[in-house]
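Now for the letters of each chain:
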Amino acid sequence: MKSLHRPLGTLSDGENAVELSPSEAGWEHTGLRVLLLHPGQSRTVETGEFEAFVLPLSGGCTVEVDGERFTLEGRDSVFTRVTDFAYVPRDARVVLSTKDGVEVALPMARCANRLSPRYGPAPDVPVEVRGAGNATRQVTNFGVPGVWDHADKLIACELITPDGNWSSYPPHKHDDTCEVVNEEVYYFRIAGRDGVTPSREGFGFHRTYTDDGTIDEDVVVRDGDVFLIPRGYHGPCVAAPGYPMYYLNVLAGPGAQRSMAFCDDPAHTWVRDGWAAQDLDPRCPVTTAGGRVS
């Protein structure tokens, strides 16, 4: 079986930093593109049968679609603040342009219904602190059900794990033994020694496995890597001491309703019970729409 870990560069098509289609992933619903636009550059994206979010990773940009124009302020880095974003529908011609340069992610999902474009302001994005102790992490719920319902299939959120901490823990899954089936992408950014600037110097760890052992991967992840989760338990993600970890989660599946429902690995779900007696890591939240907290 081909590894589900796709290191930086293995999904590049020479124009995009990441070009992940469902066919390349070996599944049906979920995709991801990461584009780099230099100062003064513009790019036209045809969405085809996919809806997408336009999510600045660094820098800002203008989004023109269906006669509407959204100006995304963006951010210096995924470790500096929560960003604004845009939703763009299927069968759309999207023009992205930037004055100062931008690196932008387009989490995507194959869908049937065409919705209208829409802008997502950063101050409206909820920031959740999840876990406790060394499992404390930040979840930025910009594109999840109940927060952002203007999507047909697409679900996305961001996580920041302070250096030395664990996230996506206990291990959990979204597949046919749970109430929802989702294909999921993890797109990693790892900060360097300043804790803010993404760098290949740092690293973290990620685990995905199934009960029957057909998937059993423990990998070192570095800045810009992608990991594909077609099924099975995933977690933990571990940020090495000195190197905070960010990842963008992109989910979509065949269900009629968007859902992030999950099932813990029953061997480890007991860990949740201990969090009530532990303090939260004071480094979380790391960011808000106003910038870095600490």
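Conventions adopted
Residues numbered from 1 in each chain as written. Predicted model: local features only at pLDDT ≥ 70, side-chain atom pairs only at ≥ 80, totals over all residues. Heavy atoms only, no water. Helix = DSSP H or I, 4+ residues; strand = E, 2+ residues; numbered from the N terminus. Buried < 20%, exposed > 50% of the residue type's maximum accessible area, 1.4 Å probe, protein only. Contact = heavy atoms within 4.5 Å. Pairing = 2+ DSSP bridges.

A. Spatial organisation of the environment of S116. Locating S116 in the fold gives a position in the loop between β9 (102–110) and β10 (118–120). For S116, a relative accessible area of 36% corresponds to the partly exposed category. Sequence-wise, S116 and F79 are 37 residues apart; in three dimensions their C-alpha atoms are separated by 30 Å. With near-sequence residues (within four places) excluded, S116 lies in contact with Y87 and H150.

B. Molecular detail of the pairing of strand β16 (residues 183–190). Counted residue by residue, β16 has eight buried out of eight residues, so it is predominantly covered. Going residue by residue along β16, you find E183, V185, Y187 and R189 tucked away on one face and E184, Y186, F188 and I190 tucked away on the opposite face as well. Pairing geometry for β16 and strand β21 (residues 245–252), over eight bridges, is antiparallel. Across the sheet, I190 pairs through a bridge with M245, a residue of β21. Taken together, the four bridges between β16 and strand β19 (residues 226–229) define a ladder with antiparallel strand orientation. If you follow E184 over to β19, its bridge partner there is I229.

C. A look at the sheet that holds strand β13 (residues 155–161). If you walk across this open sheet you meet the seven strands as β1-β19-β16-β21-β13-β12-β11, and the pairing is antiparallel. With partners counted over all chains shown, the strands left at the sheet margins are β1 (5–6) and β11 (127–130), one partner each.

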